[in-house]
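A closer look at the structure
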There are 2 protein chains.
Amino acid sequence: MKNVTVFGNGVLGSQIVFQTAVHGFRVTVCGRSAESLDRAKKSIAGIAERYQKEIPGTSAEQIARGLANITYTTDRALAVADADLVIEAIIEDLKEKQTFYKDISGLLPEKTIVCTNSSTLLPSDMAAFTGRPGKFLGLHYANHIWIQNSAEIMGTDQTDPAAFAEVVQFAADTGMVAVPLKKEKAGWLLNSLLVPLCVSGCLLYAGGYAEPKDIDSIWRIGTGAPRGPFEIMDVIGLKTVYQVLMMAQVSGAKEFAAVLKSDYIDEGKLGIATGEGFYSYRK
Amino acid sequence: MKNVTVFGNGVLGSQIVFQTAVHGFRVTVCGRSAESLDRAKKSIAGIAERYQKEIPGTSAEQIARGLANITYTTDRALAVADADLVIEAIIEDLKEKQTFYKDISGLLPEKTIVCTNSSTLLPSDMAAFTGRPGKFLGLHYANHIWIQNSAEIMGTDQTDPAAFAEVVQFAADTGMVAVPLKKEKAGWLLNSLLVPLCVSGCLLYAGGYAEPKDIDSIWRIGTGAPRGPFEIMDVIGLKTVYQVLMMAQVSGAKEFAAVLKSDYIDEGKLGIATGEGFYSYRK
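Residues numbered from 1 in each chain as written. Chains lettered and ligands numbered in written order. Predicted model: local features only at pLDDT ≥ 70, side-chain atom pairs only at ≥ 80, totals over all residues. Heavy atoms only, no water.

The next thing to look at is unusual backbone geometry. Here tryptophan 188 of chain A, not a glycine, exhibits a phi torsion of approximately 50 degrees, which is positive. Looking at tryptophan 188 of chain A, the relative accessible area reads 1%, which means it is buried. Of note in this structure, histidine 144 of chain B is not a glycine but carries a positive phi near 70 degrees. Topologically, histidine 144 of chain B is positioned in the loop between strand S6 (136–141) and strand S7 (150–154). (Buried < 20%, exposed > 50% of the residue type's maximum accessible area, 1.4 Å probe, protein only. Helix = DSSP H or I, 4+ residues; strand = E, 2+ residues; numbered from the N terminus.)

Structure (structure tokens):
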């Protein structure tokens, strides 16, 4: 693999672009408009700065070489014309993603492997729309990609093992710890573990057993982890936590979701992004 | 509080004794026989050595002063005659604990507050046997007390808030991070969080989604924690994990418990203590 095309200019899209480019791949960023590409450029430049600050020993030259590996275009056909790999990181909406795959399926060369970065949808929900289910699978990055450098890789029943292996290799070649799943799992691995931890924390708080800061404290001290469940939920964002609680098949979860809505979300306390969630992050 | 009496010479008993003594309290160790006291002395000496090795800046003099604060006796009446606090860390068996409390209840002076270190039983299961339910509560230490220095404090409906507050203060005065619970909770806080994480890890493995090492890997990278669920379970011990799985009200847990028994426990793979569990720890 040499040429990677990324669709989607959100938080993760920009991180995937730079992580891939700084590891020597040629990356094409495809956006809807000149404006969206301008935003992408700014966002990627910001990511590049953080690499230099947060990864010890990163030289200005490495950063510059990474940025030089990136090209920008609004022309979808041109963007994928020689793509070995397409990574889709567009909005988390099934209909939007299905439409996207239908639209690009006719443009892709035979060789292209296609990956979705979706964290809540399954690749099998989209495979049929890609026109190449054998070369379609999930490649899931976590936020803060240069520090939390895990990549979960998940195929469908139809994914060709050779394509799966190529993506595992690609993840490793771009500095990620590749974590393969043997079959599809809603929530992948990380969220399949995080959700029960966070829901359990919510139920301890909702049940009146202890305060968030005390629950987090016992978790940090007892396991050596840097953050307890409430701090993690503030990072994830409480709107997402609300959705997770509404879907959780655990007694008491929906009741706490209602509290979360009235006492936090409706008050504008959405987590670290708004300066307040379970904790206050204001100076 | 000045005088603390500890019953139970197991792993945690010895740690509680030294942690308390090294923080300037007078500690009485009460054992059943001269032999059991000899074992306790050796065990406490071993703990003292680890303090000096593992806590930066600990002086030989501090260690010596801590050891000098400890006295040993087989005489229960003498052991508790002037006790401000009794900490019970005997075998985790309800009948044994109830008998113990009945036996000492007549020996205790009026002032003594009594704490159980039980992790699986509730204080309310034993309160009636102590003869002083108002001065009886739970004080739960974690293993490796000098590093994982959390102390969960949990009263019953009958616990006097003043006694609760004194134990919170005692925990802080002995270098622990005191984490109060507002009411009784089976599993306390830490295990109420750990169990769902570990059970979820087991179900991912049992469901054939991924291998333990990959599940642990995604947890470590995704959350920054030092250990994933399978490494944690190897530390806890797989016999305990088996019991937890048998009690878990989650689909698939009992089935995986059976696998754990046949493929691990019956093969002598009990976790880190036997050199092998989900991982091998042999050189």
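The next subject is the packing of aromatic side chains. The tally for this structure, following the rule as stated, stands at 22 aromatic pairs over all chains. With centroids separated by 5.2 Å and ring planes inclined at 80 degrees, the aromatic side chains of phenylalanine 25 of chain A and phenylalanine 170 of chain A adopt a geometry described as edge-to-face. Of the two residues, phenylalanine 25 of chain A sits in the loop between helix H1 (11–22) and strand S2 (26–30) while phenylalanine 170 of chain A sits in helix H7 (residues 161–173), which places them 145 residues apart along the sequence. According to the relative accessible area criterion, phenylalanine 25 of chain A is buried, its value standing at 8%. Relative to phenylalanine 278 of chain B, the ring of tyrosine 205 of chain B lies with its centre 6.4 Å away and its plane at 80 degrees, an arrangement referred to as edge-to-face. Of the two residues, tyrosine 205 of chain B is situated in helix H8 (residues 190–206) and phenylalanine 278 of chain B in the segment after helix H12 (253–263); the sequence distance between them amounts to 73 residues. On the accessibility criterion, phenylalanine 278 of chain B (13% relative accessible area) is buried. Within the aromatic cluster, the residues linked to one another by ring pairs are Tyr205, Phe230, Phe256, Tyr264 and Phe278 of chain A. Against the face of tyrosine 264 of chain A rests lysine 269 of chain A, its NZ or CZ located 6.0 Å from the ring centre. Lying across the ring of tyrosine 209 of chain A, lysine 183 of chain B places its NZ or CZ 5.1 Å from the centre. (Phe/Tyr/Trp six-rings, centres within 6.5 Å; stacked < 30°, edge-to-face > 60°. Lys NZ or Arg CZ within 6 Å of the ring centre and 35° of its normal.)

Turning our eyes to something else, we now look at the packing of helix H10 (residues 229–236) of chain A against helix H11 (residues 238–247) of chain A. Residues and elements named next belong to chain A. Axis separation between H10 and H11 bottoms out at 6 Å; the angle between their running directions is 110 degrees. Considering the angle they form, H10 stands roughly perpendicular to H11. For the pair H10 and H11, contact is made by Met233, Asp234 and Ile236 and by Leu238, Thr240 and Val241, respectively. Of the residues belonging to the contact of H10 with H11, the class tally is 4 nonpolar, 1 polar and 1 charged. (Axes fitted to C-alpha atoms, helices over the stretch in contact; angles between N-to-C directions. Parallel < 35°, antiparallel > 145°, perpendicular 65-115°, else oblique. Contact = heavy atoms within 4.5 Å. Nonpolar A, V, L, I, M, F, W, Y, C, P; charged D, E, K, R; others polar.)

Moving on, we get to the interface of chain B and chain A. Taken together, the contact between chain B and chain A spans 40 residues of the former and 40 residues of the latter. Of all residues in chain B, Leu193, Tyr209 and Ile218 of chain B give up the largest surface area on contact with chain A, accounting jointly for 21% of the area buried on that side. There are 2 salt bridges connecting chain B and chain A. The salt bridge involving lysine 182 of chain A is made with glutamate 211 of chain B; its shortest N-O contact spans 2.2 Å. Where chain B touches chain A, the interface holds 8 residue pairs in polar contact (both at pLDDT 80 or more). Per-element accounting of the side of chain B that touches chain A gives the leading share, 9 residues, to H8 of chain B. Residue classes in the side of chain B that touches chain A are distributed as 20 nonpolar, 12 polar and 8 charged. (Buried area = accessible area lost by both parts, 1.4 Å probe. Salt bridge = Lys/Arg side-chain N within 4 Å of Asp/Glu carboxyl O. Polar contact = N/O pair within 3.5 Å; in protein donor to acceptor, adjacent residues only side chain to side chain.)

In this section: the pairing of S6 of chain B. Successive residues of a regular strand alternate their side chains across the two faces of the sheet. Residue and element names in this part refer to chain B. Of all the 6 residues making up S6, 6 are buried; the element is thus mostly covered by neighbouring parts of the structure. Neither face of S6 is left uncovered, since the one carrying Phe136, Gly138 and His140 and the one carrying Leu137, Leu139 and Tyr141 both have all their residues buried. Sheet analysis places strand S5 (residues 113–116) next to S6, joined by 3 bridges and oriented parallel. Among the inter-strand pairings, cysteine 115 is bridged to a residue of S6, identified as leucine 137. Note: S6 against S7, 4 bridges, orientation antiparallel. Along S7, the bridge assignment pairs glycine 138 with methionine 154. (Pairing = 2+ DSSP bridges.)

A separate point is the pairing of strand S4 (residues 85–88) of chain B. Residues and elements named next belong to chain B. Neither face of S4 is exposed, since Leu85 and Ile87 on one face and Val86 and Glu88 on the opposite face are all buried. Sheet analysis places strand S1 (residues 3–7) next to S4, joined by 4 bridges and oriented parallel. Looking across to S4, one finds that threonine 5 is bridged to valine 86. Crossover connection from S4 via helix H5 (residues 94–105) to parallel S5: handedness right-handed. (Right-handed = clockwise from strand over helix to strand, strands pointing away.)

All names here are of chain B. Counted at 1.5 Å a residue, the expected span for helix H1 (residues 11–22) with its 12 residues is 16 Å, and the 17 Å between its end C-alpha atoms agrees. In terms of residue burial, H1 counts as a mostly covered element, since 10 of its 12 residues are buried. Along H1, the positions that sit buried rather than exposed are Leu12, Gly13, Ser14, Gln15, Ile16, Val17, Phe18, Gln19, Thr20 and Ala21. Positive phi appears at glycine 24, one or two residues downstream of H1, with a value of about 95 degrees. (Expected span 1.5 Å × (residues − 1).)

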